[in-house]
Amino acid sequence: LTDTSYVVAAIDNNGCVNLDTIDVIIRPLPDVTISQNISTGCAGSPVMLSVPNTNTGYNIRWINVTAGNTTIATNTVNTAVTTEATYKVVITNPTTMCSDSSTKFVDFINPPSAVTIIAPDSNCINEPIILIAAASGDSLKYHWASTGSGVFSDTLNDTTSYMPDPLDATPVDFTLTVWNSCDTLTDTEDVVLKPAPVGSYTYAPTENFVQDTVFFTNTSDTALYNIIDWNWDFRDGTTDTAFHPIHIYTQPGIYNVNLVVTNNFGCRYTYSVPVDIIKTQVIFIPNVFSPLANNLENRTCKVYGVNISNNEFSFKVFNRWGEVVYETNNFTEANTIGWDGNNPAKEPQSMGVFTYTLKGQWMDGKPFEKTGTVTLIR
């Protein structure tokens, strides 16, 4: 708006005209822009609120709105405040009586204090060190550093972990820096690194079937690493504390067997190797044999197989007239002794073709049946 002259014209019924002029002068409002010397105040230190110096000589009133519109200063372009609140300034030009106001919220934060690192006095070198920052204050930021060559999980959080490097010297010193816009504080703490053991083992045989006996050999150097305890987890729900244990698996699969060794410092090390247990189900009966063979294994008719149970086992051999010339309900007998070519009366049978029937169960309980022929040669 600008200063303007307005003309008014009055005309009566006779057409007579009368004119008058009025001048309207626009007076500017006071500049009530509030500024502050810092964006955020720090508890215990004042924040200076100001309005432009062009208001010098005007009627100025500073008000704490949050405190119930309490007047805190008058007739000054500057005022210091020390509490978080909404502040208002009202400015009046005493000459023109033009008045205006504005408000501003002033935020205060607490500087950092009581900064402390919470950490263990000692830690195994092969395990992460948990570090916690204990500190008071508002809008705090954090930074972690160490004298070691290990790795932090996070260097900018109040809680972190540090995985030592195997070559870290002991103790490792940690430095925590905590700050906000008001102040910066630091704390240091050292952690002694305890040596870790190393464990290892072998197993035999390297190819194993269900129900085979697996022999584990602990090859850990107990003297070098001060190992005082060892625990095995065969990963099938069973464990053992023997130094050289043996184990039998009842189900096929790949088992990552864990050996956990512990030294005199209480530090542990886990060594794991996959052990493959094979579910092979095999039955084999030779189709010819001779009691006079040079090879002892070829002198009888045996049942060969893997993962065969003795439960419900039956092996029978019949001659051409359907007579049973041999039978057993024991797989171990059929596998190690077998039919020697004689009937139950120990009478040698003539050369020819004989029929057999085989029934039984696998180690997993599933049944099987097999029939075939075998030729007896003399």
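Please refer to the structure higher up on the page.
As the structure is a prediction and not an experimental result, all values here were calculated from the model.

Quick notes on the rules
Residues numbered from 1 in each chain as written. Predicted model: local features only at pLDDT ≥ 70, side-chain atom pairs only at ≥ 80, totals over all residues. Heavy atoms only, no water. Helix = DSSP H or I, 4+ residues; strand = E, 2+ residues; numbered from the N terminus. Rg over C-alpha atoms; globule rule 2.2 N^0.38 Å. Buried < 20%, exposed > 50% of the residue type's maximum accessible area, 1.4 Å probe, protein only. Contact = heavy atoms within 4.5 Å. Areas by Shrake-Rupley, 256 points an atom, 1.4 Å probe, with all protein chains shown as cover. Lys, Arg positive; Asp, Glu negative; His and termini not counted. Charge placed at Lys NZ, Arg CZ, Asp CG, Glu CD. Salt bridge = Lys/Arg side-chain N within 4 Å of Asp/Glu carboxyl O. 1 Å grid on protein atoms, 1.4 Å probe; cavity = no way out; pocket = protein on both sides within 12 Å on 5 of 7 lines; lining within 4 Å. Points joined across faces, edges and corners; volume = space filled by probe spheres on them. Nonpolar A, V, L, I, M, F, W, Y, C, P; charged D, E, K, R; others polar. Pairing = 2+ DSSP bridges. Phe/Tyr/Trp six-rings, centres within 6.5 Å; stacked < 30°, edge-to-face > 60°. Axes fitted to C-alpha atoms, helices over the stretch in contact; angles between N-to-C directions. Core = buried A, V, L, I, M, F, W, Y, C linked by side-chain atoms within 4.5 Å.

**Here we look at the overall build of the protein**
From N to C terminus, the protein includes one helix and 34 strands. Here the protein has a C-alpha radius of gyration of 49 Å; the compact-globule value for 378 residues is 21 Å, and the former is much larger. If one aligns the C-alpha atoms of the protein with their principal axes, the spans along those axes are about 160 × 75 × 30 Å. Counting across all 378 residues of the protein, residues that qualify as buried make up 33%. The contacts in the protein between residues at least 6 apart in sequence include a share of 53% that link residues at least 24 apart. Looking at the protein as shown, the accessible area adds up to about 21400 Å², and 51% of this sits on carbon and sulfur atoms. For the protein, the distance from the average position of its 18 positive side-chain charges to the average position of its 37 negative side-chain charges is 17 Å.

**With respect to the pattern of salt bridges**
For the structure on display, the rule yields one salt bridge. Across the pair Glu-297 and Lys-302 runs a salt bridge, and its minimum N-O distance is 3.1 Å. With a relative accessible area of 8%, Lys-302 lands in the buried category.

**Topic: empty space enclosed by the protein**
Rolled over the atoms, a probe as big as a water molecule pinpoints where empty space is left. This structure, assessed with the given rule, holds one cavity of 30 Å³ or more. Volume-wise, the largest cavity comes out at about 60 Å³. In terms of lining, the largest cavity is formed by Val-210, Thr-250, Gln-251, Pro-252, Lys-279, Gln-281, Asn-307, Met-363 and Asp-364. Counted by class, the lining of the largest cavity contains three nonpolar, four polar and two charged residues.

**Focus on the pairing of strand E27 (residues 268-278)**
Here strand E21 (residues 208-209) pairs with E27 via two bridges, running parallel. Its bridge partner lying in E27, Phe-209 is registered against Ile-278. Examined bridge by bridge, strand E26 (residues 253-263) and E27 share 10 bridges and lie antiparallel to one another. Bridge pairing links Asn-258 to Ser-272 in E27. Here E26 folds back onto E27, and the loop between the two strands holds four residues, one of which, Gly-266, carries a positive phi near 85 degrees.

**Structural notes on the packing of aromatic side chains**
One pass over the structure, following the stated rule, counts 19 aromatic pairs. Measuring from centroid to centroid gives 5.3 Å for Tyr-201 and Tyr-271, while their planes differ by 90 degrees, and the two rings are edge-to-face. One end of the pair, Tyr-201, is in strand E20 (residues 201-204); the other, Tyr-271, is in strand E27, with 70 residues separating them in the sequence. Looking at Tyr-271, the relative accessible area reads 26%, which means it is partly exposed.

**Examining the sheet that holds strand E25 (residues 246-248)**
The strand order across the open sheet built from three strands is E20-E22-E25, with neighbouring strands paired in antiparallel fashion. Only two strands of the sheet have a single neighbouring strand rather than two, namely E20 and E25. Within this sheet the neighbouring strands show an average axis-to-axis angle of 25 degrees, counted without direction.

**A few points about the nonpolar core**
Ranked by size, the top nonpolar core spans 20 residues in total, and within it Phe-315, Val-317 and Trp-339 carry the most contacts. At the level of secondary structure, the elements contributing two or more residues to this core comprise strand E31 (308-318), strand E32 (324-328), helix H1 (331-336), strand E33 (352-362) and strand E34 (367-376). Grouped together as the second largest cluster of nonpolar side chains are 17 residues, Leu-140, Trp-144, Tyr-162 and Phe-174 included.

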